[in-house]
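Working through the structure, step by step
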Amino acid sequence: PASSGISINVRATDMPGMKMGPFVRLADRRLLCLRGTNCWFSADEGASWQAGPLFASPAKFRIDETTLLRTSKGVLVAAFMNLAEMHWTWDNKLCDAPGAKLPTYVARSLDDGVTWDKPQKLHDDWTGANRSMKELKGGRVIFTSMKLAHHPGRHTVLTYCSDDQGQTWKPSNVIDLGDRPLERDVGPMD
């Protein structure tokens, strides 16, 4: 065990080029993940990666955090925050970030990541996290997202659902506890 108390199995090996997930397994057994402006493919369980294009207009999009799913029909669906549009406006006096922007988008691929549909924007608000995309037994795809609400600044949560393999999306009601404002000194975001 390390001084932190964490122990690593002696059979574990370092993978210095490993990408950050989430990952999906493609029909040909390769792994796929999304990062930056690329799809990343691995045919050797993550030991090495090859980049593929993700966006027709890569200057307009940059993925950092994403959620990713390969549906039972083989459609890849990704929801992501677009760092290329990030605008952070934190004000310590207000404990809020009015005008902050970090949109959530979704994109689909019908050919295991070779090509991708044009991304659809689901909301403009500051997105703190997109998490846990799932396909239900009936084929509905759902994922959770966070939106920053204002006056005072606070986190809210909602889900989006699609009944057509990610072509169109419906938002749920926003869960807003309303009484838990953000703390002072959140500071600038990079």
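Rules and cut-offs
Residues numbered from 1 in each chain as written. Predicted model: local features only at pLDDT ≥ 70, side-chain atom pairs only at ≥ 80, totals over all residues. Heavy atoms only, no water. Helix = DSSP H or I, 4+ residues; strand = E, 2+ residues; numbered from the N terminus. Buried < 20%, exposed > 50% of the residue type's maximum accessible area, 1.4 Å probe, protein only. Contact = heavy atoms within 4.5 Å. Areas by Shrake-Rupley, 256 points an atom, 1.4 Å probe, with all protein chains shown as cover. Lys, Arg positive; Asp, Glu negative; His and termini not counted. Charge placed at Lys NZ, Arg CZ, Asp CG, Glu CD. Phe/Tyr/Trp six-rings, centres within 6.5 Å; stacked < 30°, edge-to-face > 60°. Core = buried A, V, L, I, M, F, W, Y, C linked by side-chain atoms within 4.5 Å. Salt bridge = Lys/Arg side-chain N within 4 Å of Asp/Glu carboxyl O.

1. Quick word on the overall build of the protein chain
Assigned secondary structure in the protein chain consists of 0 helices and 12 strands. Going residue by residue from the N terminus, the α and β elements of the protein chain occur as β-β-β-β-β-β-β-β-β-β-β-β. Principal axes of the C-alpha set define a box for the protein chain whose edges measure 50 × 50 × 35 Å. For the protein chain, buried positions account for 42% of its 190 residues. Restricting the contact set of the protein chain to residue pairs at least 6 apart, pairs at least 24 apart contribute 46%. About 10900 Å² of surface is accessible on the protein chain, with carbon and sulfur atoms providing 53% of the total. In the protein chain, 24 side chains carry a positive charge and 22 a negative one; their mean positions are 4 Å apart.

2. Things to note about the packing of aromatic side chains
One pass over the full model with this rule turns up 10 aromatic pairs. With a centroid separation of 5.8 Å and 15° between ring planes, the pair formed by F80 and Y105 is classed as stacked. You can see F80 sitting in strand β6 (residues 76-82) and its partner Y105 sitting in strand β7 (residues 104-109), a full 25 residues away along the chain. By relative accessible area, which is 1% here, F80 ends up buried. Judged by centre distance (5.5 Å) and plane angle (25°), the rings of F143 and Y160 are stacked. Residue F143 is located in strand β10 (residues 141-149), and its partner Y160 is located in strand β11 (residues 154-162); the two are separated by 17 residues in the primary sequence. Side by side, F143 and Y160 carry an identical accessibility label, which is buried.

3. Brief notes about the nonpolar core
Core analysis: the largest hydrophobic core is formed by 17 residues, its most contacted members being L32, L34, C39, L54, L68, F80 and W116. Secondary-structure elements contributing two or more residues to this core are β2 (31-35), β3 (38-42), β5 (63-70), β6 and β7. Among the elements that take part in this core, β6 stands out by supplying 3 residues, more than any other. Those residues in contact with W116 that lie beyond four places of it in its chain are L34, C39, P53, L54, L68, L76, A78, A107, R108 and S109.

4. Section: the pattern of salt bridges
Enumeration over the complete set of coordinates arrives at 14 salt bridges. The salt bridge involving E85 is made with K101; its shortest N-O contact spans 3.6 Å. Residue E85 is located in the loop between β6 and β7, and its partner K101 is located in the loop between β6 and β7; the two are separated by 16 residues in the primary sequence. Of the residues examined, K101 reaches a relative accessible area of 28% and is grouped as partly exposed. Between D163 and R140 there is a salt bridge whose closest N-O contact spans 2.7 Å. Residue D163 is located in the loop between β11 and β12 (170-171), and its partner R140 is located in the loop between β9 (130-135) and β10; the two are separated by 23 residues in the primary sequence. Within the structure, one salt-bridge network assembled from shared partners comprises E85, K101, K121 and D124.

5. Some words on unusual backbone geometry
Residue P22 follows G21 across a cis peptide bond; omega there is 10°. Here P22 lies in the segment before β1 (24-25). In the segment running from H151 into P152, the intervening peptide bond is cis, with an omega of 0°. Along the polypeptide, P152 turns up in the loop between β10 and β11. With phi around 80°, R29 is a residue other than glycine that occupies positive phi space. With respect to the helices and strands, the residue R29 is situated in the loop between β1 and β2. Judged by its relative accessible area of 55%, R29 falls in the exposed class.

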